[in-house]
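Here are the chains, one letter per residue:
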Amino acid sequence: MRIELATEPGDPRRPNEDFASVALPASGRGGALVLLDGVTPPPVGGDGCVHGVPWFTARLGTALLELSVTRRELTLRQCLAEAVARTADAHRGTCDLAHPRTPQATVVAARWDDEGVEHLVLSDSVLLIEDPAGEVTAVLDDRIDRLCVLGPVTDDLRNAEGGFFTAAADPDVVARAVTGITARADVRALAALSDGATRWVEVFREGDWAGCFGVLRKEGPQGLIDRVRLAERGDPAGLAFRRGKSHDDAAVLYAEL
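Since the structure is predicted, the reported quantities are computational estimates derived from the model, not experimental observations. (Residues numbered from 1 in each chain as written. Predicted model: local features only at pLDDT ≥ 70, side-chain atom pairs only at ≥ 80, totals over all residues. Heavy atoms only, no water.)

**A look at the sheet that holds strand β6 (residues 126–130)**
Two pairing modes exist for strands in a sheet, parallel and antiparallel, and in both the strands are linked by backbone hydrogen bonds. Taken in spatial order, the five strands line up as β1-β10-β9-β6-β7 in an open sheet, and their pairing is antiparallel. With one partner strand each, in any of the chains shown, β1 (2–8) and β7 (136–139) form the two edges of the open sheet. Across the sheet, the axes of successive neighbouring strands diverge by a mean angle of 10°, strand direction being ignored. Where β1 lies against strand β10 (residues 250–256), seven bridges are found, and the strand directions are antiparallel. Within the sheet, the bridge partner assigned to A6 lies in β10 and is V252. Helix α4 (residues 195–202) contacts β6, β9 (189–193) and β10 of the sheet and is inclined by roughly 80° relative to β10. Contacting β1, β6, β7, β9 and β10, helix α5 (residues 209–234) runs over the sheet at an angle of about 40° to β1. (Pairing = 2+ DSSP bridges. Helix = DSSP H or I, 4+ residues; strand = E, 2+ residues; numbered from the N terminus. Axes fitted to C-alpha atoms, helices over the stretch in contact; angles between N-to-C directions. Contact = heavy atoms within 4.5 Å.)

**Digging into the packing of aromatic side chains**
Scanning all chains against the criterion turns up two aromatic pairs. With centroids separated by 5.2 Å and ring planes inclined at 65°, the aromatic side chains of F204 and F241 adopt a geometry described as edge-to-face. You can see F204 sitting in the loop between α4 and α5 and its partner F241 sitting in the loop between α5 and β10, a full 37 residues away along the chain. Since its relative accessible area comes to 4%, F204 is described here as buried. Measuring from ring centre to ring centre gives 5.6 Å for F213 and Y254, while their planes differ by 65°; the resulting arrangement is edge-to-face. Of this pair, F213 sits in helix α5 while Y254 is found in strand β10, placing the two residues 41 residues apart along the sequence. A single burial state applies to F213 and to Y254, both of which are buried. (Phe/Tyr/Trp six-rings, centres within 6.5 Å; stacked < 30°, edge-to-face > 60°. Buried < 20%, exposed > 50% of the residue type's maximum accessible area, 1.4 Å probe, protein only.)

**Overview of the nonpolar core**
Core analysis: the biggest nonpolar cluster contains 31 residues, and V34, L36, L60, L64, L80, V107 and L122 have the highest contact counts within it. Among the secondary structure elements, those contributing two or more residues to this core are β2 (18–23), β3 (31–38), α1 (53–70), α2 (76–91), β4 (105–112) and β5 (116–122). When residues of this core are assigned to their parent elements, the largest contribution, eight residues, is made by α1. Aside from chain neighbours lying at most four places away, what touches V107 is L35, L36, L64, L80, L120, V121, L122 and A167. Listed in part, the 23 residues of the second largest apolar core include L193, V215, V228 and A250. (Core = buried A, V, L, I, M, F, W, Y, C linked by side-chain atoms within 4.5 Å.)

If you want it as structure tokens, here you go:
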């Protein structure tokens, strides 16, 4: 088994808001991985929290990983709901959890044993699943992409019916996550990527998801992040490749099972 991860802030002067971790074995069998991409609040208006996004992603990510490996009778959706509730309770007395920008994150989680590989994706981070023949399937929550076709994506659409969803303070939002189970025999490797890393495919068009998996196998997660940084530096103002930030936090988990 080969497990590698890398994460890097978009701006070294700011804390990294991504979270990535893996546990082996999970309750004596299999394993689990969790990747979160914290949502950066706007410079004006804040997020109503005295702790900040890095605190939130660390709390939520740690709780989700712990539940995934110790409560195998729960689905990943149930694990995420409990992790969201725990994290909300940890700062309910000090922070405004009803604020529309209360700390929140995209989520990718996967858990495997001898029989199957369970997955969960919420918002625009990505899970890649490679089968024994080398075919790569991208598990995507494409709500934001579909909304972008219709016009600007605003805060009014965040965690709202007809909009898009992130893990914040409401456990019920996990019902919107993309979930599934794949037979263990049909999975050779997994990769979880925050959108700072998926830029290699989705923004800079350097290759498709299978090509991205090939980079990860040969160069590892840091190699993919380095390629993204090189592309970003080649277009610092975002003129050729439009994006919200010149550089974004990037996190990648790669697991050959």
